[in-house]
Every structure is written in C-alpha cells, then in structure tokens.
Amino acid sequence: MSTESGELLGIDPIELRFPFELNKQISCTLQLTNKTDKQVAFKVKTTSPKKYCVRPNNGMVAPRSKADVVVTMQAQRDVPPDMQCKDKFLVQSAIVAKEIMPKEVTGDMFTKDSGNIVDEVKLKVVYVAPSSSQSEGFEDGNLGSLSYQEETKEPKESEKIISEPLALISKLMEEKNSAVELNNKLRQELDLLRRDISRQHGGFSLVLVLVVAILGILLGFLMKR
C-alpha cells in the first residue's frame, strides 16, 4: 500500500543543495520528521551510489520525532556543464511494528508486497555557489579591501619600526649639541670669571703697595722728628 509523497516523513530541505567546490568533500543534512503516531522505518537511495556517502542510509524514526541524515558528496575533479546535476535521491519510508530494531530494516519493508504502508519522496541535487550570501562582486570587493588594508598596514608598521630609532638618534644628537653648547658657554663664563679674579687680585696688590709706601714715608718722617 502506498501513500501520497511526504505523508509519513516530512523532509527538510526538499532538495539537496551542495555548495560546489572542486577537490573538496561537501555535506548536506536532511532532517526527517515522523508525522505519525507509529514507528517509521526509512531508507535512502541514490542514482550515483559511488559519488555519495549517506549516514545513516536506513534507520528508524520514533513517533512524532526527528532524525538527521548526512549526505556527503565525494570530492569532484571537474565542474559539471552549467553547474547542472542530474543526480537524484529517493527517501523511502514505511510504518513498521514498534518491535522492529534499526538493524533489522531491510529493503523488502519498502515494497508494495510487504504489506506495510509505504511512502516515497524523490529529491533533486542542486549545486550552488560556496556561499549564497556572497556574489562574485562582493567577494572581489572584500578581497580587494582586505588586500588594500594589508598592503597599507605593512608600510605603516615598517615606517614605525624605522622611524622610532631615527627619532631616538635625532633626540640624542639634539641633547649632545645642547650639552656641547652648554659646555662652551660654561667655559666662556669660567674664562670671564678668571679674568675678573685676576683683575681683582692685581688691584688689591697695587693698593697694598701704595698703603705700605705711604706708611713707610710717614714712619720715616716721624723718625726724623
């Protein structure tokens, strides 16, 4: 007995969308939702079994519960014409007895002759850009901005590395010149001071000589009297 598509299991998304990139494994997750109050077994098939890895490719979904299936596309070496893919997937589901264990799920459970209520949903494969939120222009703009920032940032850092020692050297030279100038000024002041002292000493000696001479004359004059 067969039901209308998607009556037993809700499948999200309704198509397998792979952000296609060369030489890279890409995964897509399917979420299976049991819409019934019965235990539902499922099995996932594909038209290209060597190209995809499905985990798990069969199992059970408890009543009113969910299960995830991860579909991984093997790394591809060539880009398909016009990014079109003809691969398809088939999700089979069947209401089974609650005593059935996941490891007991077989392909015979999903045939019309099994006596089970069976449902089948076909899914298409769609290749999309690596990020649906980015266009080529936007990516180029980001890369250009980033490249520009890096290029302008590096010279600034190098200038900073070079300018710091130059600034230090310039400051030291200024301090040296100031010290030399101060030293010369101190020498000049010292010479002036020495000259003043020499003049003062010379004047004092002359006065002393005059005083002694005057005293000698007075002493002589007094002795004669």
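Residues numbered from 1 in each chain as written. Predicted model: local features only at pLDDT ≥ 70, side-chain atom pairs only at ≥ 80, totals over all residues. Heavy atoms only, no water.

- The name given to the chain in an unreviewed UniProt entry is MSP domain-containing protein, and the organism recorded there is Miscanthus lutarioriparius.
- You can read under Sequence similarities (unreviewed entry) in the UniProt record for the chain the words "Belongs to the VAMP-associated protein (VAP) (TC 9.B.17) family." (UniProt positions renumbered as here; feature names shortened; annotations may be inferred.)

**Notes on the pattern of salt bridges**
1) Next: This structure, assessed with the given rule, holds four salt bridges.
2) Next: The closest approach of N and O atoms between aspartate 87 and lysine 51, which form a salt bridge, is 2.8 Å. With aspartate 87 in the loop between strand E7 (66-73) and strand E8 (88-96) and lysine 51 in the loop between strand E4 (39-46) and strand E5 (52-55), the pair connects residues that are 36 residues apart, well separated along the chain. (Salt bridge = Lys/Arg side-chain N within 4 Å of Asp/Glu carboxyl O. Helix = DSSP H or I, 4+ residues; strand = E, 2+ residues; numbered from the N terminus.)

**Considerations on the sheet that holds strand E3 (residues 26-34)**
1) Next: The four strands lie next to each other as E1-E3-E7-E5, forming an open sheet whose pairing is antiparallel. The open sheet is flanked by strand E1 (9-12) and E5, the only strands paired with a single partner. Neighbour-to-neighbour, the strand axes of this sheet turn through a mean angle of 20°, independent of strand direction.
2) Next: Pairing analysis gives four bridges linking E1 to E3, with the strands arranged antiparallel. By the bridge assignment for E3, isoleucine 11 is matched with leucine 32. (Pairing = 2+ DSSP bridges. Axes fitted to C-alpha atoms, helices over the stretch in contact; angles between N-to-C directions.)

**Topic: unusual backbone geometry**
1) Next: Note the cis peptide between aspartate 12 and proline 13, where omega equals 5°.
2) Next: Position of proline 13 relative to the elements: it lies in the loop between E1 and strand E2 (16-19).
3) Next: Following arginine 55, the chain continues to proline 56 via a peptide bond in cis, the omega torsion being -15°.
4) Next: Here proline 56 shows up in the loop between E5 and strand E6 (58-61).
5) Next: Located in the positive-phi region is asparagine 23, a residue other than glycine, with phi close to 55°.
6) Next: With respect to the element layout, asparagine 23 can be found in the loop between E2 and E3.

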